[in-house]
Amino acid sequence: VADAKEIPVSGATNKDWEDISYGIGPDGSGRLWVVESGQGGGGGRVIYEIAEPDPQTATTVRPLARYTYAYPDRSANTEAAFTWDNHLVLVSKNFPAHVYHFDQLSPKGVNKPRYIGDLTDANGVSVAKPSPDGRWLITATHDTVSLYRNAGAPGTLEGFMNQEPFHVIVAAPDDNVEAGDFHP
């Protein structure tokens with residue numbers, strides 16, 4: 001990408017940053033949520049909240065906050081995150097994939113997300129992104145893409161849980177899919 005720019009995050013440690021999600025902060029400005037999985041050794045599970053930097057002028061950014069987290073029911077590897085109604089959601093890499101929602105985050109103590117449910121047939125999820133209208137959720141493993149239809153009331157995260165995928169394709173059998181999103 002010709003216009004790509006690297007902007008270092010000072011005051012943050014990257015042991016195994018797995019995903020970056022975009023949301024809107026309480027002040028109405030953009031936020032980046034960086035999820036440190038703790039799988040890279042020594043870093044622990046951390047979420048960094050970063051004000052969206054201006055790509056034209058920013059040379060470095062500092063996190064607005066650093067949140068530690070732990071799963072309420074088990075230990076899980078997480079590579080996929082997204083925002084739902086401006087709240088961070090994590091999707092585990094185990095089978096079936098467990099979905100967790102942070103109702104709020106506090107820089108004090110250990111944050112424990114609320115377990116929402118499972119994505120049926122999802123195993124090894126490295127990408128999870130909802131469509132802008134909340135009707136679809138796409139997940140990807142390193143080689144398979146699954147599309148889930150929201151069977152619940154519009155705008156409910158629970159509507160994706162405990163149902164078979166609407167459509168599944170083998171997308172990159174000799175590749176390593178680790179990013180994706182809906183556009184626009």
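Structure: see above.
Residues numbered from 1 in each chain as written. Predicted model: local features only at pLDDT ≥ 70, side-chain atom pairs only at ≥ 80, totals over all residues. Heavy atoms only, no water.

Asks: Describe the nonpolar core, listing the residues and the values that go with them.
Replies: With 17 residues, the main nonpolar core has Phe82, Val91, Val99, Leu119, Val125, Leu157 and Phe160 as its most contacted residues. Those elements giving two or more residues to this core turn out to be strand 5 (78-84), strand 6 (87-92), strand 7 (97-101) and strand 9 (114-119). In terms of residue count, the dominant contributor to this core is strand 5 (three residues). Apart from the residues within four sequence positions on either side, Val91 is in contact with Thr78, Glu79, Ala80, Phe82, Ala97, His98, Val99, Leu119, Val125 and Ala128. (Core = buried A, V, L, I, M, F, W, Y, C linked by side-chain atoms within 4.5 Å. Buried < 20%, exposed > 50% of the residue type's maximum accessible area, 1.4 Å probe, protein only. Helix = DSSP H or I, 4+ residues; strand = E, 2+ residues; numbered from the N terminus. Contact = heavy atoms within 4.5 Å.)

Asks: Give me the layout of surface pockets: which residues, what numbers.
Replies: A volume near 460 Å³ is recorded for the largest pocket. Lining the largest pocket are 24 residues, with Tyr22, Phe82, Thr83, Lys129 and Asp181 sitting closest to its centre. With seven residues, the single largest contributor to the lining of the largest pocket is strand 1 (residues 17-24). For the lining of the largest pocket, the per-class residue count stands at nine nonpolar, eight polar and seven charged. (1 Å grid on protein atoms, 1.4 Å probe; cavity = no way out; pocket = protein on both sides within 12 Å on 5 of 7 lines; lining within 4 Å. Points joined across faces, edges and corners; volume = space filled by probe spheres on them. Nonpolar A, V, L, I, M, F, W, Y, C, P; charged D, E, K, R; others polar.)

Asks: Can you lay out the sheet that holds strand 2 (residues 30-36) for me, pointing to particular residues and giving the numbers?
Replies: Backbone-to-backbone hydrogen bonds pair the strands of a sheet. The strands run either parallel or antiparallel. Sheet architecture is open: five strands sit in the order 1-2-3-4-8, paired in mixed fashion. Whereas interior strands pair on both sides, the edge strands pair on one side only; in this sheet they are strand 1 and strand 8 (110-111). Alignment of strand 2 against strand 3 (residues 46-51), held across six bridges, turns out to be antiparallel. Bridged to Trp33 within strand 3 is Glu49. (Pairing = 2+ DSSP bridges.)

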